[in-house]
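Residue-level listing of the chains:
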Amino acid sequence: MKIYKNHVSVLLKEVIKNLKIKKNGIYIDCTFGLGGHSKNILKKIKKNGFLYSFDKDPNTLKFSKKIENKNFHFINDSFENLLKYTKKFNITKKVNGILLDLGISKNQIYDKKRGFSFTLDGPLDMRINQNIGISAEEWINKSSEKDICKILKKFGEERFSKNIAKSIIKHRRKKKIKRTLELSKIINNVISNKNRKKNPSTRSFQAIRIYINKELKSIKKILKDSLKILAPNGRLLVISFNSLEDKIIKKFMKENSMNLNIPIKLPITNKEVKKLNYNKQLKILKKIKPKKKEIKKNPSSRSAILRVAILKKK
Ligand SMILES: C[S@@+](CC[C@H](N)C(=O)[O-])C[C@H]1O[C@@H](n2cnc3c(N)ncnc32)[C@H](O)[C@@H]1O
């Protein structure tokens, strides 16, 4: 497998600044990737500090092995299982910062064999961990038109989901869809390319990847678990790359936020009183987007949004 040479971690400076790393603190990077964020966190950690990094892609194991640091431990598993590990390592409620840099890396996208790219020809796989679950090929060749339409709409917000699903079924009757470019051609024949900034396959490929890897379900789980894992004043940093992810993060932070939304009018209704739940734990700190300079250097950072919150003592 080729390693994508120009790997740049998104919002790196902002992540390091906002994690407010204590040299003896405990940190968790839930999405190790090529280790860009992890390596920079480790630079700030000393003696009793520790970084646990997770990635569920077995291919990331070799990148983690390049890091020789006694204050570092890599776990080749999904961050959905984080709570199991914090219990095992006895660090539940002791973690000073959790980082999530969602989605997949360019290294995964540009590896043809993984099937994530609609511009490179490869087997239609799209699994982050190819040892688990069903591939995109299996799914697209066995699902009903109604289900394909539903997934493209739900996880890709694809306006043409109905026509794309119809065309997929039509092609499937003649021949199984096995390659990324086969699927991309079917989609591009349905959607006109005129006046489009994005490749017409962008939304459908995103939808299938999110569905195959159960990405949104995993995000909801880790966000909930982070409240059980962080120490008082521990920080939660999440970088999202699409509106579906960001909506979940924003909603979660708001619902668990102690920032009071006091209605302007009095008296207030029972429903409004319930919303003023004083047991809420998070304080929302910031929403950060990449600066123009970063977007110019790394165009794929343009859709990134970093949200920062801090867990307060009850
Ligand atoms: C955008 S990349 C992270 C890049 C990394 N921050 C860096 O600086 O190199 C996202 C990574 O998250 C991993 N990933 C996605 N879902 C995951 C999950 N549920 N559990 C663990 N890792 C996951 C992907 O395999 C990918 O390597």
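This report concerns the structure included in the present document.

About the cut-offs
- Residues numbered from 1 in each chain as written.
- Predicted model: local features only at pLDDT ≥ 70, side-chain atom pairs only at ≥ 80, totals over all residues.
- Heavy atoms only, no water.
- Helix = DSSP H or I, 4+ residues; strand = E, 2+ residues; numbered from the N terminus.
- Buried < 20%, exposed > 50% of the residue type's maximum accessible area, 1.4 Å probe, protein only.
- Pairing = 2+ DSSP bridges.
- Right-handed = clockwise from strand over helix to strand, strands pointing away.
- Near = heavy atom within 4 Å.
- Polar contact = N/O pair within 3.5 Å; in protein donor to acceptor, adjacent residues only side chain to side chain.
- Areas by Shrake-Rupley, 256 points an atom, 1.4 Å probe, with all protein chains shown as cover.
- Nonpolar A, V, L, I, M, F, W, Y, C, P; charged D, E, K, R; others polar.
- Axes fitted to C-alpha atoms, helices over the stretch in contact; angles between N-to-C directions.

To continue, consider unusual backbone geometry. One non-glycine residue, Leu11, lies in positive phi territory at about 50°. With respect to the helices and strands, Leu11 occurs in the segment before α1 (12-19). With a relative accessible area of 0%, Leu11 lands in the buried category. Notably, Lys93 is not glycine yet its phi reads approximately 70°, a positive angle. The residue Lys93 is located in the loop between α4 (82-88) and β4 (95-101) in this model.

As a further point, take the pairing of strand β1 (residues 26-29). Of the two faces of β1, the one holding Ile26 and Ile28 and the one holding Tyr27 and Asp29 are both buried throughout. For β1 and strand β2 (residues 50-54), the ladder comprises four bridges, and the chain directions are parallel. Following the sheet pairing, Asp29 is matched in β2 by Ser53. At this point the chain moves from β1, through helix α2 (residues 36-44), to the parallel β2, and the crossover so formed is right-handed. Alignment of β1 against β4, held across three bridges, turns out to be parallel. Opposite Asp29, over in β4, you have Leu99 as the bridge partner.

Moving on to the site of the ligand. The ligand sits among 23 residues. The nearest are His7, Ser9, His37, Asp55 and Asp101. Note that an oxygen atom of the ligand is positioned 3.4 Å from one of the backbone N or O atoms of Phe32. Within the contact set of the ligand, a nitrogen atom lies 3.2 Å away from a side-chain nitrogen or oxygen of Ser78. When the ligand sits alone it has 600 Å² of accessible area, and the protein chains cover 96% of it. Residues belonging to the shell around the ligand are distributed by class as follows: seven nonpolar, eleven polar and five charged.

Taken together, the seven strands give an open sheet; going across it, the order is β3-β2-β1-β4-β5-β7-β6, and neighbouring strands pair in mixed fashion. Looking at strand neighbours, the two that pair on one side only are β3 (72-75) and β6 (282-288), the edges of this open sheet. When the angles between neighbouring strand axes are averaged without regard to direction, this sheet yields 15°. Inspection of the sheet shows β6 paired to strand β7 (residues 305-311) by six bridges, in the antiparallel sense. Across the sheet, residue Leu282 finds its bridge partner in β7, namely Leu311.

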